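# Chains, contacts and geometry: an overview
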Amino acid sequence: VTRLHIPIDSSTLNNGLRVVIAPDTNAPVVTVGVYYKIGFRLEPQGRSGFAHLFEHMMFQGSENAPKMQHIKLINSSGGVLNGSTMYDVTNYYEAVPSNALERVLWLEGDRMRALKVDEENLTNQRDVVKEEVRVNVLNQPYGGFPWLDMPPVAFRNWANAHNFYGDFADLDAASLADVQKFFRTYYVPNNAVLLMLGDVNPQEAQALAEKYFGSIPAGAAPPFADPTEPPQTEERRGHVQEKFGPLPAMAIGYVLPQRRTPEWYAMVLLDQALHGGRAGRIYRELVLEKQIAVEADGGVDDVFGYNGPSQMTTRILHKPEYTAEQSLAALDAVLREVQEKGIGQEELDQLKVKWRSDYYSTLEGGRGGYMPRYGLMHLLACFTLFDNEPLLVNTVLEGFLAVKREEIQAVARKYLRPENRAIVFRTPVNKDAKEAA
Amino acid sequence: MATRAPQTAPAVPALAPERAVTWPKRTRARLSNGLEVVLAEAHSIPKFHGELFFRAGEALVSDRSVGLAEMTSTVLRTGTAKRNSRQIEEDLRRLGADLGTSAGQDTSAISFAGLSEFAEPLLELVNELARDASFPQPEFERERRQKLEEVKLERTSPGFLAGERLRKILFGKHPYARISPTEQQVAAYRREDLEQVYREIYTPENALLVMVGDFDPQNMLGIAEKTFGNWTGKKPAAQQATALPELHGRRVYLVHNPGSVQTQILVGCHAITRKHPDWIRLGLTNSLYGGAFNSRLVMNIREEKGYTYSPRSGISPLRQHGYFFVSAAVRNEVVAASLTEIFYELDKLRSVAVPAAELSDAQNYVTGMFSMGLATQEGLLSQFATVELNELPADYLETYRDKVRALTSADLLGAARKYFDSANMPIVVVGDRAQIEEQARLFGDTEVYNAQGERVE
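Throughout this description, residue numbers start from 1 for each chain and increase along the sequence as written. Chains carry letters from A onward and ligands carry numbers from 1 onward, assigned in written order. Since the coordinates come from a predicted model, pLDDT governs what is reported: local features require at least 70, and pairs of side-chain atoms require 80 or more to be given and counted, while whole-chain, interface and lining totals use all residues. Only hydrogens and water are set aside; all other atoms, that is, all heavy atoms of the structure, feed into the side-chain values.

### Section: the packing of helix 14 (residues 374–387) of chain A against helix 15 (residues 392–401) of chain A
Residue and element names in this part refer to chain A. Our working rule: In this description, a line fitted to the C-alpha atoms serves as the axis of each element, helices being fitted only across the stretch in contact, and the angle between N-to-C directions of two axes falls anywhere from 0 to 180 degrees. Secondary structure elements follow DSSP: runs of H or I of four or more residues count as helices, runs of E of two or more count as strands, with numbering from the N terminus. Orientation labels follow simple angle bins: below 35 degrees gives roughly parallel, above 145 gives roughly antiparallel, 65 to 115 gives roughly perpendicular, and whatever is left gives oblique. Contacts are assigned to residue pairs that have any heavy atoms within 4.5 Å of one another. Each residue is assigned to one of three groups, with Ala, Val, Leu, Ile, Met, Phe, Trp, Tyr, Cys and Pro labelled nonpolar, Asp, Glu, Lys and Arg labelled charged, and all others, Gly among them, labelled polar.
Closest axis-to-axis distance for the helix 14/helix 15 pair is 10 Å, and the angle between their directions is 90°. Taken together, the axis directions place helix 14 and helix 15 in an arrangement best described as roughly perpendicular. Between helix 14 and helix 15, the residues in contact are Leu376, Leu379, Leu380, Phe383 and Asp387 and Leu392, Val393 and Val396, respectively. The class makeup of the residues in the contact of helix 14 with helix 15 is seven nonpolar, no polar and one charged.

Structural data, given as structure tokens:
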């Protein structure tokens, strides 16, 4: 396997803003991203959902680009924009024809320098966010399962365990003063990375970064809540009602080893062995062979994109004629087999080929058909903010390809234990009761 | 305001000169057995993407049962004369490949992507699935049971219930009206039905193979000929056209979804196919109405009023007929207010010419988005396939941007008047009846359905 050599320029402006440039002139399109090192995990107590609500506010106007202008300027340049809030980062990104690069940087610079929003904007976006929560969670079968149901069961530290989309009461309590404080605290250049990928000239891109971001003053280093979890000593279980869907569901999450350790590389390949689509052991056993489950999927979500406690999570919807305990026993049998027998050399070889192939695809695409290089952008951003090492995109694959069979069996034994897991049961409510209500 | 350093307002930087948009050269060929092949190089990653399309799907066979073509595609990947289900999945993993099988109304397809170094064995597996699928009885029975659960589950999704109802209204007796089978229909599927569908649809004369990626086209063409060249089979018989129902006036179709905490609105009307000469101007008109974040509908009911998170409009271009739709999930208290705005924006486009600046913004958006597909193998594949499957002109991709740029406000006004038939649009609302019925009835005579799709009033 030849080593990857994606050309990458990285530097730091005087105000602490990291700048990462990855030129590639295949298509006349440039992807720009700004990542801030702030996510769900770090939002203030009593303000659940705030990091995400704040992300919406970043589209509501800045000093020189009032409300509607952000969206209008990007769309009318022939591009798309969006943002997303994750556990440890929040991103804002645009894909545009490359002739719009300077305009995009002006806009991102303007909102990093001076967010300008009012009470009306906040009320408007609070309403929008509530409809987002309804359409994705409250009014959908299995909405938010398990990503919202699991944390309060699995974790004890509020940073990891609260409702990331936000309780409506907390959203209602959020004030303009909170918005301003959050902006001043976390949205400082020294807590961010600017990325430019695709059809750019690195020298020009660097000069533009200096021009539009260089004079934004650095802020105090933001305080970070400690996401450390107290040691877990026994299996944790929780129960949630399913209001719409007809099938009983469960999610089983195992806490992962420390990021970028040999155990972590092995665990990620083990995850592939277990959850790798229709060839994965869990789907094969529960859906194809024993036919207990209708769906059995999951795994490590966004493998490089977190910087605190995280899990490998299996999501199962099983047939009503099986009990939850029977379904769980079937899963346990799959896990026990790996613990007792390990995996074969041929299986490991297959897993590595598939992992390499998937990794290439991650670099090329990653978010819909209209956000080229999202995957590469995301990796570069996380490796910069968490590891201070953007060039890891070219070498991280080697860690996975070096994993040995014994290491996979060892992590299966060490991590796939009841006292390292949490289970959420999501059970359909009684239909007759619902009709009567 | 969280302003830091006071700044004088700089002007928005102008757009730099545009870089040329160049679509990769396509190699088009017909194999000795009649199979059409389109190939293009794209060296972004050491992989390639491919799709083997068959020009028929549910619509061709829906008089036998609903969902048969999809069920055929599902069971297709579970066994061939040479490999069982487990071998197929492990072989894919060995090649670093992904494979999907699917069927829509007008096409069935086997899509695949894998490492270029393993192109030959991956194509051999695709070939086996296309020609020698064995439809093992136990695999068929398992997939049928899975489908039964899926059919029950989809009836709990507001989006599904709205789409199902609108399609029935717009397409009446046409196959496009049937988007999903009933439990009884699924229970009655037989393995022989799938084999019959497979024999009719999956033939080289009916197929199109598109591949894009890190390969040499001549070399890849050689592999394709070697792999697929001796496969034989005819096109299926063409099907008779069915007339669509005529829609008069505004009627409301309320689907009662007990316990709903939000209302899914879906409004629509007949439109056109991609082949129609008005496609490009209708597309631009739609993008201005509700097809972009910056569109009038999104600005109105999301950014100004906060009624909804994800409003949008679009044109679904099925092969025989297209349809226009407007969709929004809104809070229960503002169902009537949202519908009022949806129709207000439609009627405004029908009555007042679009200002020049807004037209030019929309033209930039549509042409820019069209070029985004250039950056990925999948994006390229999708564009090439669209051209071929819809029998669009060979220079469609190269001339599209100029055609969009040539459109005038008068063209858009004409398109809105012709296709946004707001006075005769059916309105579907899915939600809790007690909370929304009064508002819904303001917009027309109302039929009420349950979540099983049965009319209750």
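### Quick notes on the side chain of Asn160 of chain A
Residue and element names in this part refer to chain A. Convention followed: Within 3.5 Å is the distance limit for a polar contact, defined as a pair of N or O atoms, with the added protein rule that one can donate a hydrogen and the other accept it, and that residues adjacent in sequence qualify only through two side-chain atoms.
Secondary-structure assignment places Asn160 in helix 6 (residues 158–161). At 2.8 Å, the side chain of Asn160 forms a polar contact with the side chain of Arg41. With sequence-adjacent residues up to four places away left out, Asn160 is seen in contact with Arg41, Pro151, Phe155, Pro227, Glu229 and Pro309.

### Regarding the pairing of strand 11 (residues 421–428) of chain A
Residues and elements named next belong to chain A. Note the cut-off: Note on classification: 1.4 Å probe, protein chains only; a residue is buried when its accessible area is under 20% of the maximum for its type, exposed when over 50%, partly exposed between these limits. Strand pairing is assigned whenever DSSP identifies at least 2 bridges connecting the two strands.
Of all eight residues in strand 11, six are buried, a share of seventy percent or more. Sheet analysis places strand 7 (residues 236–242) next to strand 11, joined by seven bridges and oriented parallel. What sits directly across from Arg237, in strand 11, is Ile423. Two strands pair when backbone bridges link them, and strand 8 (residues 249–255) and strand 11 are joined in this way by six bridges, in the antiparallel orientation. The residue of strand 11 that forms the bridge with Tyr254 is Arg421.

### Brief notes about unusual backbone geometry
The omega torsion of the bond from Phe145 of chain A to Pro146 of chain A falls at 0°, within 30 degrees of zero and hence cis. Take Pro146 of chain A: it is sitting in the loop between helix 4 (119–138) and helix 5 (150–154). One non-glycine residue with positive phi stands out, namely Tyr142 of chain A, at about 55°. When you line up the elements, Tyr142 of chain A lands in the loop between helix 4 and helix 5. Among the residues examined, Tyr142 of chain A registers a relative accessible area of 6% and is labelled buried. Positive phi outside glycine occurs at Phe135 of chain B, with the angle close to 45°. Structurally, Phe135 of chain B is set in the loop between helix 4 (119–131) and helix 5 (137–154). Judged by relative accessible area, Phe135 of chain B falls into the buried class, the value being 1%.

### What about the sheet that holds strand 5 (residues 108–115) of chain B?
Residues and elements named next belong to chain B. One open sheet holds the six strands; their spatial order is 1-2-6-3-5-4, and the pairing between them is mixed. The open sheet has two edge strands with one neighbour each: strand 1 (27–30) and strand 4 (98–103). Put simply, the sheet's adjacent strands are angled 15° from each other on average, direction ignored. Bridge analysis of strand 4 against strand 5 gives six bridges, and the strand direction is antiparallel. What sits directly across from Ala103, in strand 5, is Ser108. Lying over the sheet, helix 2 (residues 68–76) contacts strand 4 and strand 5, oriented at roughly 160° with respect to strand 4.

### Side note on the interface of chain A and chain B
This is how the line gets drawn: Take the accessible area each of two parts loses on contact, using a 1.4 Å probe, and add the two losses: that sum is the buried area. What makes a salt bridge here is a side-chain nitrogen of Lys or Arg within 4 Å of a carboxyl oxygen of Asp or Glu, nothing more.
Taken together, the contact between chain A and chain B spans 93 residues of the former and 81 residues of the latter. Between chain A and chain B, the buried area comes to about 7,700 Å², and carbon and sulfur atoms account for 57% of it. Looking only at chain A, the three residues that lose the most surface to chain B are Asn99, Arg278 and Glu364 of chain A, adding up to 9% of its buried area. Linking chain A with chain B are ten salt bridges, by the criterion used here. Between Arg284 of chain A and Glu90 of chain B there is a salt bridge whose closest N-O contact spans 3.5 Å. When grouped by side-chain class, the residues that make up the side of chain A that touches chain B number 42 nonpolar, 24 polar and 27 charged.

### Quick notes on the confidence of the model for chain A
Close inspection of predicted coordinates is inappropriate in any region flagged by low pLDDT. The condition that has to hold: Per-residue confidence from the prediction method is given by pLDDT, with values spanning 0 to 100.
Looking at chain A, the pLDDT average stands at 94 and 97% of residues meet or exceed 70. Predicted confidence is poor over residues 433–437 of chain A, with pLDDT under 50, and the contacts of this stretch with residues over four places away or in other chains come to five contacts.

### Remarks on the sheet that holds strand 11 of chain A
All names here are of chain A. The strand order across the open sheet formed by five strands is 7-11-8-10-9, and the pairing between neighbours is mixed. One side of each edge strand has no neighbouring strand; the edge strands of this open sheet are strand 7 and strand 9 (293–300). In this sheet, neighbouring strand axes are inclined to one another by 15° on average, regardless of whether the strands run parallel or antiparallel. As paired strands, strand 8 and strand 10 (residues 311–318) are joined by seven bridges and run antiparallel to one another. Across the sheet, the residue bridging to Gly253 is Thr313, located in strand 10. Packed onto the sheet, helix 10 (residues 262–275) meets strand 9 and strand 10 and runs at close to 10° relative to strand 10.

### Points about the confidence of the model for chain B
Residue and element names in this part refer to chain B. Residue-level pLDDT values for chain B average 95, and 98% of them are 70 or greater. Confidence over residues 1–9 falls short of pLDDT 50; this stretch has 22 contacts with residues more than four positions distant or in other chains. Predicted as a complex, the structure gets a pTM of 0.95 and an ipTM equal to 0.94.

### Section: the pattern of salt bridges
A full pass over the atoms with the stated rule returns 70 salt bridges over all chains. Note that Arg94 of chain B and Glu346 of chain A form a salt bridge whose closest N and O atoms lie 2.2 Å from each other. Residue Arg94 of chain B is found in helix 3 (residues 85–94), and its partner Glu346 of chain A is found in helix 13 (residues 345–364); the two belong to separate chains. A relative accessible area of 31% means that Arg94 of chain B is categorised as partly exposed. Within the structure, one salt-bridge network assembled from shared partners comprises Arg278 of chain A together with Arg77, Glu89, Glu139, Arg142 and Glu143 of chain B.

### Here's the deal with the packing of aromatic side chains
For clarity, the cut-off: Geometry of aromatic contacts follows a simple scheme: Phe, Tyr and Trp rings, the Trp one being its six-membered ring, pair when their centres are within 6.5 Å, and the pair is stacked under 30 degrees between planes, edge-to-face over 60, tilted otherwise.
By the definition in use, this model includes 45 aromatic pairs over all chains. When the centroid spacing of 5.2 Å and the interplanar angle of 70° are considered together, the rings of Trp264 of chain A and Tyr265 of chain A count as edge-to-face. Residue class for Trp264 of chain A comes out buried when judged on its relative accessible area of 1%. Aromatic side chains Tyr396 of chain B and Tyr400 of chain B sit 5.8 Å apart centroid to centroid with 55° between the ring planes, which places their arrangement in the tilted category. Taken together, the positions of Tyr396 of chain B and Tyr400 of chain B, both in helix 15 (residues 396–405) and four residues apart, correspond to about one turn of that helix. Take Tyr396 of chain B: its relative accessible area is 8%, and that puts it in the buried class. Residue Tyr400 of chain B is classed as buried on the basis of its relative accessible area of 10%. Taken together through their ring pairs, the aromatic side chains of Tyr36, Phe50, Phe54, Phe59, Tyr92, Phe182, Phe183, Tyr186, Tyr187 and Phe224 of chain A make up a single cluster.

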